[in-house]
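# Reading the structure
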Amino acid sequence: MPDLDVTTDVRADARRNRRQLIVAAREAIASRGLDVSALDIATAAGVGVGTLYRRFGTKESLLDAVVVGLYDEMLDSAQECLAIEDPWQGLSRFVMDLAGAHRDSRGVAEVTAACDTVPTPEIAQRTTALQDAVIRLTERAHAAGALRADVTWQDVMIGSRAGLDTDHCLGVDAGPDGWRRIITLLLDGMRAPGYTPLIGEAPHLHGSDS
């Protein structure tokens, strides 16, 4: 019969290694995107590559676990914003939060833009849930007369990426909060009544005809 203290220590080590790998993977994809190597993640976590494979099977499984966690954080934010009494405040806060998630993690920005890649069932389910939340936030703002009638929930989704690649242009440095200024300008453009007709068709779900 194995020593109970030894068994407990082994399990504690396994849990600690798993946590360290998730933290390291989250930090790695935030700064470097999804192409980060298994070796780099394991090294940052202070474990061997073999430990990564024992805990998760593949690097992709580890990254999937991290991305699912990040999506869950975005869903939590969406539910908090839906609970805000003022529809415009709820919508505008979520757009800022989603823009911040894209800014904070290259991995998130890559995953949310990967329309040509078949997502895992877990990511697909959370993508649908996020879409539903944005639809509800948009409908509330429309009903309150706070959001331009010609702005769709798809516009809101696409707009949340407006803060990406806004750091420098022609010698101008936007500073650490430059992306927030851009999102604020975008939100003001979405707010009713609006003055300039929108050009072109509204964004649509990838692969759909309408």
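Look up: the structure comes first, before these words.
Anyway, here's the lowdown on the structure attached to this text. By convention here, each chain's residues receive numbers from 1 onward along its written sequence. Predicted model: local features are reported for residues with pLDDT of at least 70 only, side-chain atom pairs are reported and counted for 80 or more only, and whole-chain, interface and lining totals are derived from all residues. Heavy atoms throughout the structure, all of them, feed into the side-chain values; hydrogens and water do not.

## Some details on the overall build of the protein
- The helix and strand labels rest on DSSP assignments: H or I over at least four residues marks a helix, E over at least two residues marks a strand, and numbering proceeds from the N terminus. On a plain count of helices and strands, the protein comes out with nine helices and two strands.
- A principal-axis box enclosing the C-alpha atoms of the protein has dimensions of 75 × 45 × 35 Å.
- Burial here depends on accessible area, computed with a 1.4 Å probe over protein chains only, as a share of the maximum for the residue type. Under 20% is buried, over 50% is exposed, and the range in between is partly exposed. Residue burial in the protein is summarised as follows: out of 210 residues, 36% are buried.
- A contact between two residues is defined here by any heavy atoms of the two lying within 4.5 Å. Sequence-distant contacts in the protein: of pairs separated by 6 or more residues, those separated by 24 or more amount to 69%.
- Areas reported as accessible are Shrake-Rupley estimates using a 1.4 Å probe. Residue values count occlusion only from the protein chains shown. Surface summary for the protein: the accessible area is close to 12,500 Å², and the carbon and sulfur share equals 54%.
- Think of it this way: Lys and Arg go in the positive column, Asp and Glu in the negative one, and His and the chain ends go nowhere. In this description, the location of a charge corresponds to atom NZ of lysine, CZ of arginine, CG of aspartate or CD of glutamate. The average position of the 21 basic charges and that of the 31 acidic charges among the side chains of the protein differ by 5 Å.

## Re helix 2 (residues 38–45)
- A38, I41, A42 and A45 are the residues of helix 2 that are buried. One face of helix 2 carries all of its buried residues, which in axial projection span an arc of 95°. Exposed and facing more than 90 degrees away from the buried side of helix 2 are L39, T43 and A44.
- Where helix 2 ends, the next residue or the one after it, G46, has phi of about 80°, a positive value. This arc describes the spread of directions from the helix axis toward the C-beta atoms.

## Thoughts on the pattern of salt bridges
- Salt bridges are defined as contacts in which a side-chain nitrogen from Lys or Arg sits within 4 Å of a carboxyl oxygen from Asp or Glu. Tallying each qualifying case throughout the model produces nine salt bridges.
- E80 is paired through a salt bridge with R93; the nearest N and O atoms lie 2.7 Å apart. Taken together, the residues E80 in helix 4 (residues 59–82) and R93 in helix 5 (residues 87–104) connect sequence positions 13 residues apart.
- E80 sits in the partly exposed class, given a relative accessible area of 45%.
- Of the charged contacts, one joins R180 and D177 as a salt bridge, the two residues approaching to 3.6 Å between their closest N and O atoms.
- On the basis of relative accessibility, which here comes to 39%, the residue R180 falls in the partly exposed class.
- Judged by its relative accessible area of 46%, D177 is partly exposed.
- A network of salt bridges, in which partner residues are shared, links E80, R93 and D97.

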